[in-house]
Structures are given as C-alpha cells and as structure tokens.
Amino acid sequence: MTTQAPGIGNGDDGFAVRPAERADLLAVVRIETESFSQPWPYDAFERFLGEPGFLVAVEGATAVTGYIVADITQNFGQQLGHVKDIAVHPDYRGTGIGSALLSRSLAVLTARGADTVKLEVRRSNDDAKRLYREFGFEPLRFVPDYYGDDEDAIVMIRKLN
C-alpha cells in the first residue's frame, strides 16, 4: 500500500510512503549517515527488509527522501511497538515527510496488534521531541548515557488503543 502525500517543494507530484525495498538501502544509509553522529550500518537496515514497519518516503519514482524502522515485540503479554529509527534527508526536512512516515508507521503497528508504541529520542533533539508530542507521545523516563557519546535518551510512549 502506498500513501500519497501533498506536494513538497515546488513539485506537485508529492511523495509516497511504501515498504522499503533492497534497492532503497544505499539511499537509506546515506540519509542515516547525514542525520546521525552514530549511524546504523547497512546490515542493520538489511535485517529489517520485508518487515511491515520498514517504510520509505519517495519523491517521484525512486528518490528516497526519508525512512522509518519500527517493529513489535511481546512485553508482559502485550504487543509493544517500537519506533527504532526515523530520518528525513536534510533537503526535505520540514516538508511533512517525517509526519507522514510516523503516521503510516503507527497505522501499521496498530494493524499488527500493537497496544502501545515507544521510542527513544536524544534529550537535545527538540525538533524530534516536538514531532513526537504532536503524535501523542509522552515522556516516560530518562536513560542516562544511552547514546555512545554519553547523551541521555528520553523514552517516549503512546497508547494506541
């Protein structure tokens, strides 16, 4: 299933959100590397290929502009969704791609039975925290030194049902 979103930039062809494919991996890794000081390696993304929660945003036919990786695990008898990674290419930030990816991901997790979704965000990442709050995520706890550069994480959570 592909979700169409309104046009971005000057184009009116917009972007689509669809499941990630092997051909998308190099572009996903490039965006990851440009977005994070401690990027995931290629094989980390490769392991999620075929998972319903690995989605990409594409402009036109093939230009990957963002991605999200999410999955579900059992947690004390409940299905816990986990947004593991999300990023938008720097040239496309602020265009609604992150919101579209998160929205579609939450729909996928809900459809697959998740009761609650969690994610971790850098304490200093105000833009991401703002986006997550807009989607109903609330801070649950801090995890000191979560990131390799000793920055704390905020675990945020959202009930789906």
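Counting restarts for each chain, with residues numbered from 1 along the sequence as it is written. Local features in this predicted model are restricted to residues of pLDDT 70 or higher, and side-chain atom pairs are both shown and tallied only at a pLDDT of 80 or more, whereas totals for entire chains, interfaces and linings draw on every residue. Calculated side-chain values reflect all of the structure's heavy atoms, with hydrogen atoms and water omitted.

Participant: So what exactly am I meant to see when it comes to helix H1 (residues 25–35) here?
Facilitator: In an α-helix, one turn spans 3.6 residues, which is why side chains three or four residues apart end up on the same side. Those residues of H1 that fall on the buried side of the exposure criterion are Leu25, Ala27, Val28, Val29, Ile31 and Glu32. Here, two residues are considered to be in contact whenever any of their heavy atoms come within 4.5 Å of each other. Counting from the N terminus, the helices are DSSP H or I runs at least four residues long and the strands are E runs at least two residues long. Here the buried face of H1 lies against helix H2 (42–46), strand E3 (54–59), strand E4 (63–75) and strand E5 (78–88). Exposure classes here rest on a 1.4 Å probe applied to the protein chains alone. A residue is buried below 20% of its type maximum, exposed above 50%, and partly exposed in between.

Participant: How should the nonpolar core be read in this particular structure?
Facilitator: Nonpolar cores were defined as sets of buried Ala, Val, Leu, Ile, Met, Phe, Trp, Tyr and Cys residues, with membership established by side-chain atoms within 4.5 Å. Core analysis: the biggest nonpolar cluster contains 28 residues, and Leu101, Leu102, Tyr132 and Phe137 have the highest contact counts within it. No other element matches the seven residues that helix H3 (residues 97–111) contributes to this core. Setting aside residues no more than four positions away along its own chain, tyrosine 132 makes contact with Ile86, Leu102, Leu119, Val121, Phe137 and Met156. Among the nonpolar cores identified, the runner-up in size contains 16 residues, and Ala20, Ala27, Val28 and Val29 belong to it.

Participant: Before we go on, may I ask you to explain the packing of aromatic side chains in this structure?
Facilitator: Aromatic ring pairs are described here by two measures, namely the spacing of the ring centres and the angle between the planes. Between 30 and 60 degrees the pair is tilted, below 30 it is stacked and above 60 it is edge-to-face, where a pair is any two Phe, Tyr or Trp rings, Trp via its six-membered ring, whose centres lie within 6.5 Å. By the definition in use, this model includes six aromatic pairs. Ring geometry for tryptophan 40 versus phenylalanine 48: centroids 6.0 Å apart, planes at 25°, classification stacked. Between the aromatic rings of tyrosine 146 and tyrosine 147, the centroid separation amounts to 4.9 Å while the plane-to-plane angle is 80°, which identifies the pairing as edge-to-face. Ring pairing ties together the aromatic residues Trp40, Phe45, Phe48, Phe54 and Tyr67, which thus form one cluster.

Participant: Looking at this structure, how should I read H3?
Facilitator: Helix length check: H3 (15 residues) gives 21 Å between terminal C-alpha atoms against 21 Å at 1.5 Å per residue, within 8%. Within the span of H3, buried status applies to Ile97, Gly98, Ala100, Leu101, Leu102, Arg104, Ser105, Leu106, Val108 and Leu109. Here the expected length of a helix is defined as 1.5 Å per residue gap, with one fewer gap than residues.

Participant: What should I look at first to understand the confidence of the model for the protein in this one?
Facilitator: Low-confidence regions, as indicated by low pLDDT, have predicted coordinates that should not be scrutinised in detail. The share of residues in the protein with pLDDT of 70 or more is 92%, and the mean pLDDT across the chain is 90. Every residue gets a pLDDT, meaning the predictor's confidence in that residue, from 0 to 100. Every residue in residues 1–13 is under pLDDT 50, and counting partners more than four places away or in other chains gives 28 contacts.

Participant: Even after reading the chapter, I still don't get the pattern of salt bridges, so can you show me in this structure?
Facilitator: Any two side chains of opposite charge can pair, on the condition that their charged atoms come close. One side-chain nitrogen of Lys or Arg within 4 Å of one carboxyl oxygen of Asp or Glu is enough to make a salt bridge. In total, this model carries 11 salt bridges according to the counting rule given. For arginine 47, the salt bridge goes to aspartate 43, with nearest N and O atoms at 3.8 Å. The structure contains a network of salt bridges with shared partners spanning Arg18, Glu21 and Asp24.

Participant: So what exactly am I meant to see when it comes to the environment of tyrosine 42 here?
Facilitator: By the secondary structure assignment, tyrosine 42 is in helix H2. We classify tyrosine 42 as partly exposed; its relative accessible area is 31%. A sequence separation of 14 residues divides tyrosine 42 from valine 28, and the C-alpha atoms of the two residues are 8.6 Å apart.

Participant: Which parts of the structure should I look at to understand the environment of threonine 62?
Facilitator: On the secondary structure map, threonine 62 appears in the loop between E3 and E4. Taking the C-alpha atoms as reference points, threonine 62 and aspartate 24, separated by 38 residues in sequence, lie 8.2 Å from one another.

Participant: When you look at the environment of tyrosine 67 in this model, what are you seeing that I'm missing?
Facilitator: Inspection of the secondary structure assignment puts tyrosine 67 in strand E4. Here the alpha-carbon distance between tyrosine 67 and glutamine 79, two residues 12 residues apart in the chain, equals 23 Å. Not counting the four nearest positions on each side in its chain, tyrosine 67 is found in contact with Val28, Ile31, Glu32, Phe36, Phe45, Phe54, Leu55, Val56, Asp85, Ile86, Ala87 and Leu101.

Participant: Hey, could you run me through the pairing of strand E6 (residues 116–122) in this one?
Facilitator: It is a general feature of regular strands that their side chains alternate between the two faces of the sheet. Judged by how many residues are buried, E6 sits mostly within the fold: six of seven residues are covered. Across four bridges, E5 lies against E6 in parallel orientation. Bridge pairing in E6 places glycine 81 opposite valine 117. Looking down the strands as they point away from the viewer, one classifies a crossover as right-handed if the path from the first strand across the helix to the second runs clockwise. For the crossover that starts at E5, traverses H3 and ends in the parallel E6, the hand is right-handed. Bridge count between E6 and strand E8 (residues 153–159): seven bridges; the pairing is antiparallel. Paired with lysine 118 across the strands is isoleucine 157, a residue of E8. At least two bridges found by DSSP between two strands is the condition for calling them paired.

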